[in-house]
Amino acid sequence: MNVRTKGLVCGAVAAATYGMNPLFTLPLYHAGMTPDSVLFYRYAFALPILAVMIRLRGQDFSLRRCEMLPLVAMGLLFSASSLFLYMSYNYMDAGIASTILFVYPILVALIMALGFRERITPLTIFCIALAVLGIGLLYEGDGQTLSLTGVTLVLLSSLSYAVYIVGVNRSALAALPTVKLTFYALLFGLAIYVVRLDFLTGLQAVPSWYLWGNVLALAALAWSVPAGAAALEGPGRVLLSWTGDARTTVTISWQDAAGVEAGYVTYAPEGRPEEEETVQAAATPYACGISNGGSRFEATLTGLTPGTGYTYRVGGPGGWSDWAAFTTDGAAEETVFLYMGDIQVNADAGAEFAAWGELAAGALRRSPDAAFGLLGGDIVESGVRTGEWDLFLDAAGPVFSRIPLMPANGNHESNFAGSGKPELYLDTFSLPLNGPAGFEEEFYSFDCGAVHVTVFNAWVVSGEQAVTEEDWAAIGGWLARDLAASTARWQVVVSHLPFYPVHSDTNADAARQRWGAILEDCGADLVLVGHQHVYARSYPLLQGRTDYENGIVYLMGNAGQKSYGSADESRCERVIYGVPTYQVLRAGEESLSAETFNGDGESLDFCAVSPRGSAMTRAGAAVLLHRLAGSPASEGAAPFVDVEEGAWYAGAAAWAAGQGIVTGTDRGTFAPDAPVTLEQFAAMLCRMDGGAAAGPDWNTAAMDWAAEAGLLAGAAGEEAGAPLDRTLAGELLELLEQRGATQ
């Protein structure tokens, strides 16, 4: 049985068992028992069953302080939902009551829309109308098919359960394993019945021995919840990634059963089993304090041969995985890779992750030359639920045990109370550590073939995690250096937040204001984004305007079942609604293309990204040096007539002028759009280093300083007065940093 079928079966069983409540409840009512007594027995007998399940799963009963009060509140809501439902059975047909109860997903959608500003889709509106219509058709007057009292009680039950679901997922309780959460919800919820039964003095005895079967059945139904991913009994959930050179290394991470203390990787070049080697992996338990109870291992294979296929397996004496294969970077003339936007669960985690897994498998099957895959964030609905991560890994393993997976994190991965960081995401993936200090693996970059990929956590603009002014300067400086210093033919950036959102989004606007100019002036060719649940491809944009020569294409992906039905299309060349998609990108020396497919492999969109103008402008040079200096504040405005207040480079130009780094033209202008020449950039670096490059011979002084500093080796053959290429500018900055001149 595959994962999707298993998810559908578990969901169907859960729904069916919930609908069986009247079957075991009504005989107890007919024997004279009250709802309070029935529910007291139900909860009391369910608790030891759940306790045994917790211990069998290797979990304990400990709670964090921040979980106590939310658990009490959620337990009372859970218990109130049960009480309202069971009371309704006395006023209306119990089967119809249980049917009406299932409007709670609609109530969850309404609460999320009103309280958390999630969009209401046309499908949700249709479901609400259908539910209201169905209740209306059933109603035949009070006391007939429906009664006003009974319907009111059922709707209160449904509302209590909806608030419970939202409360769990929007609080510290989202991190609790499902069985442990249910145990404490029942334990604290039991208090309602103890009080209503006059502290058990009003508790009724079960009148007949055979009715104890009904009580035990109700207890079993109390803990029958939709199953998540099955616990591993051996090595599995294998992922490849890169933490080093894609030509000569690969990193393999996997999970194993609880209690496994050692893991190994056995590998060999394809067709040469006599060269087989075995390396021991590092045990890497979850640092965030949340775990699925299993073991996790990670190993980086080094010294591999570029452009070579390898077979491998993971495990140890207790059992091994199946053999899989990967190929190191270095053989292909064209770099092919996959991109997928938000997977984020909409309703049914098991079925939706399985559907995404089939989408990813189809993508690799139709593009077997793909070298790696990128994810655009919002991989899960709740970043603190291990069950969702396990379902994701089950779906991802068949594809990304064969090609490396390099993700960005989104806002749904970052909901850790306290730190605001994507802690479980960071524990799940093994990524390069070359990002800014304190934000490693949230920001990183790597090279593969003709492509340099920069991944960064734009969600830091939300304020969920603490970011100091020094942090902002380090992040901006890192991004500028990373892009400007790359020598790859194509620069691809991955950010969960869009820079030009198709729905109003203050966080996206903040990301654009903080980093948009860096992307434009440091050489980004294509920006892959997500977050807003449609497929949207922009025109080539420069400062928000269409510019086919120098603009950047922004491509928003959506690979999951959650979809919005509208968008601001004013900057979009192509928008697709309601269809999970993936992108196949092909990068050669002369071209970079992106083709979009649906799950059936039908091509829905295609674009070829033209090489952007490679010359760095004077505005771009000022912004780059300002970022590298830590983005210090400037005193006053820039003393140039052509620098408008509020321009994206105005602050940098004012700072550079105040420091004497730029002096402007002989006409008192800055000429922000003019290409910066090698001599001009050398003069800026010289002045920034405290040197003198002024007067009629400023250019000679600047070039002499640069030669003495050892910065001109890479500039051999550059013509005097020629525009400075962004790549060469980045190389000069790297040399200057190595010399220790940049502050």
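Bear in mind that the values here come from a model prediction, so they are computed numbers and not experimental data. (Residues numbered from 1 in each chain as written. Predicted model: local features only at pLDDT ≥ 70, side-chain atom pairs only at ≥ 80, totals over all residues. Heavy atoms only, no water.)

K.L.:
Could you clarify how one ought to interpret the pairing of strand 20 (residues 553-556) in this entry?
P.N.:
Side-chain direction in a regular strand flips from residue to residue, so the side chains alternate between the two faces of the sheet. Burial along strand 20 is two-sided: the residues V553 and L555 and Y554 and M556 are all buried. Strand direction decides the pairing type here: strand 16 (residues 526-529) and strand 20, joined by 4 bridges, are parallel. Bridged to L526 within strand 20 is V553. As judged from the 2 bridges shared by strand 17 (residues 535-538) and strand 20, these two strands associate in the antiparallel manner. Within strand 20, the residue paired with A536 across the bridge is M556. (Buried < 20%, exposed > 50% of the residue type's maximum accessible area, 1.4 Å probe, protein only. Helix = DSSP H or I, 4+ residues; strand = E, 2+ residues; numbered from the N terminus. Pairing = 2+ DSSP bridges.)

K.L.:
So what exactly am I meant to see when it comes to the environment of G318 here?
P.N.:
For G318, the position within the fold is in the loop between strand 7 (309-316) and strand 8 (319-320). According to the relative accessible area criterion, G318 is exposed, its value standing at 86%.

K.L.:
Even after reading the chapter, I still don't get the packing of aromatic side chains, so can you show me in this structure?
P.N.:
In the structure shown here, the tally under the stated rule is 41 aromatic pairs. Taking the centre distance of 5.6 Å and the plane angle of 15° together, the rings of Y310 and F326 count as stacked. Linking Y310 in strand 7 with F326 in strand 9 (residues 324-327), this pair joins segments that are 16 residues apart in sequence. Each of the two residues, Y310 as well as F326, counts as buried. Seen in terms of ring centroids, Y312 and F326 are 5.7 Å apart; in terms of plane orientation they differ by 55°. Their pairing is tilted. Of this pair, Y312 sits in strand 7 while F326 is found in strand 9, placing the two residues 14 residues apart along the sequence. (Phe/Tyr/Trp six-rings, centres within 6.5 Å; stacked < 30°, edge-to-face > 60°.)

K.L.:
Can you help me understand the nonpolar core in this one?
P.N.:
Judged by nonpolar contacts, the single largest core of 87 residues is most densely connected at I252, Y312, W356, L374, F392 and F400. In terms of residue count, helix 12 (residues 386-400) provides more of this core than any other element does, 8 residues in total. Among all residues touching W356, those that are not within four sequence positions of it are M340, I343, L375, F392, A395, A396, F400 and A559. Counting 69 residues, the second largest nonpolar core, distinct from the first, contains L479, A638, A653 and A656. (Core = buried A, V, L, I, M, F, W, Y, C linked by side-chain atoms within 4.5 Å. Contact = heavy atoms within 4.5 Å.)

K.L.:
Looking at this structure, how should I read the sheet that holds strand 5 (residues 282-283)?
P.N.:
Hydrogen bonds along the backbone pair up the strands of a sheet, which may run parallel or antiparallel. An order of 1-2-6-5 is seen for the 4 strands of this open sheet, with the pairing classed as antiparallel. Either end of the sheet is taken by a strand with one partner, and the two such strands are strand 1 (236-241) and strand 5. With 4 bridges joining them, strand 1 and strand 2 (residues 250-256) adopt antiparallel strand pairing. Bridge assignment links G236 to a residue of strand 2, and that residue is Q255. Packing of helix 12 onto the sheet brings it into contact with strand 1 and strand 2, and relative to strand 1 it is tilted by some 60°. (Axes fitted to C-alpha atoms, helices over the stretch in contact; angles between N-to-C directions.)

K.L.:
Teacher, can you tell me more about the packing of helix 5 (residues 94-101) against helix 8 (residues 148-169) here?
P.N.:
Any two packed helices are characterised by the angle at which their axes cross and by the distance between the axes. Orientation of helix 5 relative to helix 8, taken along the N-to-C sense of each, is 40°, at an axis distance of 9 Å. Of the two elements, helix 5 crosses helix 8, and the hand of that crossing is right-handed. Of the residues in helix 8, those in contact with A97, I100 and L101 of helix 5 are V151, V154, L155, S157 and S158. (Left-handed = near helix turned anticlockwise from the far one by under 90°.)

K.L.:
Explain the sheet that holds strand 10 (residues 335-340) to me, please; I cannot follow it from the model alone.
P.N.:
With respect to topology, 6 strands assemble into an open sheet ordered 12-11-10-22-23-24, the strand pairing being mixed. Either end of the sheet is taken by a strand with one partner, and the two such strands are strand 12 (405-407) and strand 24 (603-609). Each strand axis lies, on average, 20° off the axis of its neighbour in the sheet, ignoring direction. Contacting strand 10, strand 11 (372-375) and strand 22 (582-587), helix 11 (residues 349-366) crosses the sheet at an angle of about 165° to strand 10.

K.L.:
Is there a simple way to think about the side chain of S81 in this case?
P.N.:
Among the secondary structure elements, S81 is positioned in helix 4 (residues 65-88). Overall, the relative accessible area of 2% leaves S81 in the buried class. For S81, the contacting residues outside a window of four places in its chain are S157, S160 and Y161.

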